[in-house]
Amino acid sequence: MTIATQQPAPTTETVLARIRAILPLLAKNAAQGETDRRVTEESIAALTDAGAFKIAQPRRYGGYGLPVRSMLEVSAAVGEADGGTAWVVALSNVCAWLAGLFSRQAQDDVWGANPDAKVSGVLAPTAETTKVDGGYRVTGRWYYNSGSWHADWAGVGIPLTDERGEVVDQGMALIPRTDLGLEETWFVAGMRSSGSNCLIARDVFVPDHRVMSVPPAIAGRYAVEDPEEDLYRAAFVPTLALVLAGPQLGLGRAALRMVREKAARKAISYTAYTTQAESAAFQLQLAEAAMRIDSAHLHVFRAADDIDTAAANRTYPDAELRARVRADTGWAVENVTKAFDVLLSAHGAGSFAEANPLQRMWRDSAVAARHAIVLPAVGYEVYGKALLGRDDQITPLV
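Residues numbered from 1 in each chain as written. Predicted model: local features only at pLDDT ≥ 70, side-chain atom pairs only at ≥ 80, totals over all residues. Heavy atoms only, no water.

## A short note on the side chain of Thr395
Move 1: The topology assignment puts Thr395 in the segment after helix H13 (376-387).
Move 2: Not counting residues within four places of it along the chain, the set of residues in contact with Thr395 comprises Arg326 and Val382. (Helix = DSSP H or I, 4+ residues; strand = E, 2+ residues; numbered from the N terminus. Contact = heavy atoms within 4.5 Å.)

Dropping the structure here:
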């Protein structure tokens, strides 16, 4: 088993420059990806060459081990070209980060022979397990496994059972994609190219070293106590939730830019305005949308900086801050969603023409905004309970 020779990691700005160079290609392939319900291989290859999937991979395997904020900036940049592609980049990176929280032996399994291996994942423990000598036998189905077509490994939630078959813990298992079946189940209105299909295990053996207990991870206790990169000390749930806002930032920026650029050439029907740009009502709408998108960025990047600072200081954020990140995520997503509503109304009925990329951006954003871990109302309730010091928290995922 070979470990990649560790080279100095490129900066976030270097990766972003590479991505900006391929944005026209990603945008060109966006419609085809939606039709195919998977990101085109040309786009995956270009993103791989740009290092887009290396952001959260440990440096000892040729990855970049960059901060959480970098994961967000990279997926947001991709989101300016295509939401589904950005979602695959975001999920592949955060699942690589998850793999980096497992034991070194497990990490060697994932990247030792293939430093370019990509990881997908689902946290929900929708499986059955049997404890056996040296590990577990796992049978289960994991729905909405984003990037399923492109993954070499999957990190999936499993119940951990004892020798009597009783569930004693919740865990995650790293399983080679070759051990898993795939059922196409992703037939949706938006984020179609994310390929969020169902992965299936049928009596698959998973050795103990590729199993991680989730409750200790939620509290910040990971398998490798002194990792080389600060990233692998980042707070568990805040990181998993926040990265899902990255594609939304890019989608919001792209929609704002499109509506803004067309305003000087597009009339407002049944009015005296020959261009939208002349209208005070349009100006107000554009300003509101821009402020909401700015608000999303400010909350997301504040949260990312708090996570990264704590990791660099070798501290773990307290429950209130972790809860606030859940709320930050929901607030950001809600503001992008509302910005889209304003922009679509301002731009007019032409927003919904099939030939107009704006309607695909809207659909992608709307579907992504309904992911369970980013739902605004849930995030606000989690934060409100934390602010009040209540002991009736609605989820352990804080």
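## Focus on the sheet that holds strand E4 (residues 153-161)
Move 1: With mixed pairing, the 4 strands of this open sheet are ordered in space as E1-E4-E5-E8. Of all strands in the sheet, those with a lone pairing partner are strand E1 (119-122) and strand E8 (211-213), marking the two edges. Averaged over all neighbouring strand pairs, the angle between strand axes comes to 30 degrees, with direction disregarded.
Move 2: Inspection of the sheet shows E1 paired to E4 by 4 bridges, in the parallel sense. What sits directly across from Val122, in E4, is Val156.
Move 3: Taken strand by strand, helix H5 (residues 83-99) contacts E1 and strand E5 (167-176), and its axis lies near 85 degrees from that of E1. (Pairing = 2+ DSSP bridges. Axes fitted to C-alpha atoms, helices over the stretch in contact; angles between N-to-C directions.)

## Re the state of the cysteines
Move 1: Within this structure, the stated rule accounts for 0 disulfides.
Move 2: Of all cysteine sulfurs, the one in Cys198 lies closest to Cys95, which takes part in no disulfide; the gap is 15 Å.
Move 3: A relative accessible area of 5% places Cys95 in the buried class. (Disulfide = S-S within 2.5 Å. Buried < 20%, exposed > 50% of the residue type's maximum accessible area, 1.4 Å probe, protein only.)

## Concerning the packing of aromatic side chains
In this description, an aromatic ring pair is defined by two values, namely the gap between the centres and the angle between the planes.
Move 1: Applying the stated rule across the entire model yields 6 aromatic pairs.
Move 2: The interplanar angle of 85 degrees and the centroid separation of 5.2 Å between the aromatic rings of Phe352 and Trp362 together place this pair among those described as edge-to-face. Of this pair, Phe352 sits in the loop between helix H11 (319-347) and helix H12 (357-368) while Trp362 sits in helix H12, and the two are 10 residues apart along the sequence.
Move 3: A residue is classified by how much of its surface remains accessible, and Phe352, at 43% relative accessible area, is partly exposed.
Move 4: Among the aromatic residues, those joined into a cluster by ring pairs are Tyr143, Tyr144 and Trp186. (Phe/Tyr/Trp six-rings, centres within 6.5 Å; stacked < 30°, edge-to-face > 60°.)

## Structural notes on helix H4 (residues 68-79)
Move 1: If you check H4, its first and last C-alpha atoms are 17 Å apart, about what 12 residues at 1.5 Å a residue would give, namely 16 Å.
Move 2: Most of H4 is tucked away, with 10 of its 12 residues classed as buried.
Move 3: By the burial criterion, the buried members of H4 are Val68, Ser70, Met71, Leu72, Val74, Ser75, Ala76, Ala77, Val78 and Gly79.
Move 4: Where H4 is buried, its residues touch helix H1 (12-28), helix H3 (41-50), H5, helix H8 (236-242), helix H9 (246-262) and helix H10 (280-312). (Expected span 1.5 Å × (residues − 1).)

## Comments concerning the packing of H1 against H4
Move 1: Running from N to C, H1 and H4 point in directions that differ by 20 degrees, and their axes come no closer than 9 Å. Between H1 and H4, the interaxial angle falls into the category roughly parallel. Relative to H4, the crossing made by H1 is right-handed. Residues Thr12, Val15, Leu16, Ile19, Leu23 and Leu26 of H1 form the contact with H4, whose own contacting residues are Ser70, Glu73, Val74, Ala77 and Val78. (Parallel < 35°, antiparallel > 145°, perpendicular 65-115°, else oblique. Left-handed = near helix turned anticlockwise from the far one by under 90°.)

## Structural notes on helix H6 (residues 104-111)
Since one α-helical turn is 3.6 residues long, residues separated by three or four positions face the same way.
Move 1: Inspection of H6 places Ala106, Gln107, Asp108, Val110 and Trp111 among the buried residues, and these make up the whole buried set.
Move 2: Buried positions along H6 lie against H5, E1, E4 and E5.

## Brief notes about unusual backbone geometry
Move 1: Phi is positive for Asp203, which is not a glycine, with a value near 55 degrees.
Move 2: Under the relative-accessibility criterion, Asp203 is labelled partly exposed at 44%.
Move 3: The phi dihedral of Arg314 is positive, around 60 degrees, even though this residue is not glycine.

## Re the sheet that holds strand E3 (residues 135-145)
Move 1: The sheet built from 4 strands is open, its strands ordered E2-E3-E7-E6 with antiparallel pairing. Strand pairing shows two members of the sheet lacking a second neighbour, strand E2 (127-132) and strand E6 (181-183), which therefore form its edges. Going from strand to strand, the sheet's axes swing by 15 degrees on average, the running direction of each strand aside.
Move 2: Pairing between E2 and E3: 6 bridges, direction antiparallel. Bridge pairing in E3 links Val132 to Gly135.

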